[in-house]
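# Chain and residue survey
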Amino acid sequence: MREPAGVKRIALAPSTNYERQLLEDAFDRFGWERVNSPREATLQWGKARDIDWQAVLDGELVANSYYLKTALTRKADLARLLAKHAKIVGP
């Protein structure tokens, strides 16, 4: 379910504390509410492998990354992401 227009909630999961502080400051400055769960957010910011892609694909969430981006560049993630994708859409 999409939030009403103007609701800005972000779930941050940056890689480093330095990055976290910069992102928190930037989003605070623009009036974003920080939440802990991606299911409560309208934007999830984190590594592509940590994004709640089902919520993104359902139109409930937007992300700072592209779907399957890591599968294109990281062989270690390819098998896991393909298996996850196959569960969702079928073989």
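Anything mentioned here points back to the structure above.
Below is a summary of the structure that appears in this document. Bear in mind the structure is a predicted one, so any value in this text is a computation, not a measurement.

We now examine the sheet that holds strand 2 (residues 33–34). Spatial ordering of the open sheet is given by 2-1-3-4, a layout of four strands whose pairing is parallel. In the strand order of this sheet, the two ends are held by strand 2 and strand 4 (62–63), each with one partner. Relative to strand 3 (residues 43–46), strand 1 (residues 9–13) is paired through four bridges, and the arrangement is parallel. Bridge assignment links Ala 11 to a residue of strand 3, and that residue is Gln 44. Against the sheet, helix 1 (residues 17–29) engages strand 1, strand 2 and strand 3, with an angle of about 170° to strand 1.

Another aspect to go through is the packing of aromatic side chains. What describes a pair of aromatic rings is the distance from one ring centre to the other and the angle between the planes of the rings. On inspection of all chains with the given rule, the structure shows two aromatic pairs. Judged by centre distance (5.4 Å) and plane angle (80°), the rings of Phe 27 and Trp 32 are edge-to-face. For Phe 27, a relative accessible area of 12% gives the class buried. Judged by centre distance (5.8 Å) and plane angle (70°), the ring pair of Phe 27 and Trp 45 falls under edge-to-face.

In this section: the pattern of salt bridges. Throughout the structure, instances matching the rule amount to six salt bridges. As a salt-bridge pair, Glu 60 and Arg 39 come within 2.7 Å of each other at their nearest N and O atoms. Within this pair, whereas Glu 60 is found in the loop between helix 2 (53–57) and strand 4, its partner Arg 39 is found in the loop between strand 2 and strand 3, the two being separated by 21 residues in sequence. When its relative accessible area of 25% is taken as the criterion, Glu 60 is described as partly exposed.

Time to look at a positive patch on the surface. On the surface, a cluster of positive charge is contributed by Lys 47, Arg 49, Arg 80 and Lys 84. With respect to the helices and strands, Lys 47 occurs in the loop between strand 3 and helix 2. Taking the relative accessible area as the measure of exposure, Lys 47 reaches 34% and is therefore partly exposed.

Next up on the list: helix 1. Residues that lie three or four places apart on an α-helix share one face, since the helix turns once every 3.6 residues. Here helix 1 is 13 residues long and its end C-alpha atoms lie 18 Å apart, about the 18 Å a rise of 1.5 Å per residue gives. Taken together, the buried positions of helix 1 are Leu 23, Glu 24 and Phe 27. The buried residues of helix 1 all sit within an arc of 105° when viewed along its axis, so they share a single face. In this structure, helix 1 carries Tyr 18 and Arg 29 as exposed residues pointing more than 90 degrees from its buried face. In this structure, the buried residues of helix 1 make contact with strand 1, strand 2 and strand 3. After helix 1 finishes, the residue Gly 31 shows a positive phi value of roughly 80°.

Parameters at a glance
- Residues numbered from 1 in each chain as written.
- Predicted model: local features only at pLDDT ≥ 70, side-chain atom pairs only at ≥ 80, totals over all residues.
- Heavy atoms only, no water.
- Pairing = 2+ DSSP bridges.
- Helix = DSSP H or I, 4+ residues; strand = E, 2+ residues; numbered from the N terminus.
- Contact = heavy atoms within 4.5 Å.
- Axes fitted to C-alpha atoms, helices over the stretch in contact; angles between N-to-C directions.
- Phe/Tyr/Trp six-rings, centres within 6.5 Å; stacked < 30°, edge-to-face > 60°.
- Buried < 20%, exposed > 50% of the residue type's maximum accessible area, 1.4 Å probe, protein only.
- Salt bridge = Lys/Arg side-chain N within 4 Å of Asp/Glu carboxyl O.
- Patch = residues over 30% accessible without salt bridge, like charges linked within 9 Å, V, L, I, M, F, W, Y side chains within 5 Å.
- Areas by Shrake-Rupley, 256 points an atom, 1.4 Å probe, with all protein chains shown as cover.
- Lys, Arg positive; Asp, Glu negative; His and termini not counted.
- Charge placed at Lys NZ, Arg CZ, Asp CG, Glu CD.
- Expected span 1.5 Å × (residues − 1).
- Arc of directions from axis to C-beta.

None of the figures reported here should be taken as evidence of function without further support.
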